[in-house]
Amino acid sequence: MDDDDDVRDRVKRLRIADDDVRDAVRDRLRAERVKLWLAPYDDAAALDALADGYADALGEPREDVRAAVASLRASALEKLATRRRLTLEGKGADGTPFTAPLTLDAAGSDARALVGAAAGYDGRVRVVAAGRALQDEGTLEGQGWPADATRSGAALRCLVVPAPRREDDDAMEID
């Protein structure tokens, strides 16, 4: 039993040490206003060089600082992606619930196709949510669709219905 307690204590001390290194690196990044989600830090060599410089300055092992920098960069990228995410949910063609994850830079036509497929519809659909209809032209952001982050991470309920055929659809199918 003493060996198990000793192992747990060592693991706990290591976690605290890792958290201390991560906090020290985060503080230094903030002080120097380093933005890990921008160039040049999308290059592994630049990221390693930054981490090695911080390891020397902080007097911490290079591996620990590299792990902390990589973890902070991953967190920053995830946070940025969350700010650009739009999730639509509703009932599909057969009445089953669906969820369609999108990004704000998706084209309206691509978003319409993804939502239609997620809802189980073949062909063209109309998508309406938050009092607005999805348009084919422009991006979702350009059309004013709100990101999940502006709604506390909640998905946006939408209505998906089959769209009536247009005359220009028939003209395009003639071969």
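These figures come from a predicted structure and were not determined experimentally.

**Q** When you look at helix H4 (residues 108-119) in this model, what are you seeing that I'm missing?
**A** In an α-helix there are 3.6 residues to a turn, and that puts residues three or four apart on one side. Under the 1.5 Å per step criterion, the end-to-end length of H4 is 16 Å for twelve residues, consistent within 8% with the ideal 16 Å. Burial in H4 covers these residues: Gly 108, Ala 111, Arg 112, Val 115, Gly 116 and Ala 119. Seen along its axis, H4 keeps its buried residues to an arc of 130 degrees; they face one direction. Every exposed residue of H4 that faces more than 90 degrees away from the buried side is listed here: Ala 113 and Ala 117.

**Q** Just checking my understanding: could you explain the sheet that holds strand E5 (residues 156-157) for this structure?
**A** Backbone hydrogen bonds are what pair the strands of a sheet, in a parallel or an antiparallel way. Strand order in the open sheet formed by three strands is E2-E1-E5, with mixed pairing between adjacent strands. Of all the strands in the sheet, the pair left with one neighbour each is strand E2 (97-103) and E5. In this sheet, E5 lies alongside strand E1 (residues 85-91) in parallel orientation, the contact comprising two bridges. Across the sheet, the residue bridging to Leu 88 is Leu 156, located in E5. Its contacts with the sheet put H4 on E1 and E2, and the angle it makes with E2 is roughly 160 degrees.

**Q** Before we go on, may I ask you to explain the confidence of the model for the chain in this structure?
**A** For any part of a model where pLDDT is low, the fine detail of the predicted coordinates should not be relied upon. Taken as a whole, the chain shows an average pLDDT of 85; of its residues, 84% reach a score of 70 or greater. Least confident of the elements in the chain is helix H5 (residues 167-172), whose mean pLDDT is 51; most confident is helix H2 (residues 44-58), at 94. Confidence over residues 170-175 falls short of pLDDT 50; this stretch has two contacts with residues more than four positions distant or in other chains.

**Q** Where do I start with the side chain of Asp 148 in this structure?
**A** Mapped onto the elements, Asp 148 comes out in the loop between strand E4 (132-133) and E5. With residues up to four places along the chain from it excluded, the contact list for Asp 148 reads Arg 85, Leu 86, Thr 87, Gly 153, Ala 154 and Ala 155.

**Q** What should I look at first to understand the pattern of salt bridges in this one?
**A** Side-chain pairing between opposite charges can occur once the charged atoms of the two side chains come close. If you walk through the whole model with that rule in mind, you get twelve salt bridges. The salt bridge partner of Arg 26 is Asp 23, with a shortest N-O separation of 2.6 Å. Residue Arg 26 and its partner Asp 23 are both found in helix H1 (residues 2-31); the two are separated by three residues, about one turn of the helix. Its relative accessible area of 23% is what places Arg 26 among the partly exposed residues. Owing to a relative accessible area of 32%, Asp 23 belongs among the partly exposed residues under this scheme. With a shortest N-O distance of 2.7 Å, Arg 151 and Asp 148 are connected by a salt bridge. Pair check on accessibility: Arg 151 and Asp 148 agree, each one buried.

The rules behind each value
- Residues numbered from 1 in each chain as written.
- Predicted model: local features only at pLDDT ≥ 70, side-chain atom pairs only at ≥ 80, totals over all residues.
- Heavy atoms only, no water.
- Helix = DSSP H or I, 4+ residues; strand = E, 2+ residues; numbered from the N terminus.
- Expected span 1.5 Å × (residues − 1).
- Buried < 20%, exposed > 50% of the residue type's maximum accessible area, 1.4 Å probe, protein only.
- Arc of directions from axis to C-beta.
- Pairing = 2+ DSSP bridges.
- Contact = heavy atoms within 4.5 Å.
- Axes fitted to C-alpha atoms, helices over the stretch in contact; angles between N-to-C directions.
- pLDDT = per-residue confidence, 0-100.
- Salt bridge = Lys/Arg side-chain N within 4 Å of Asp/Glu carboxyl O.

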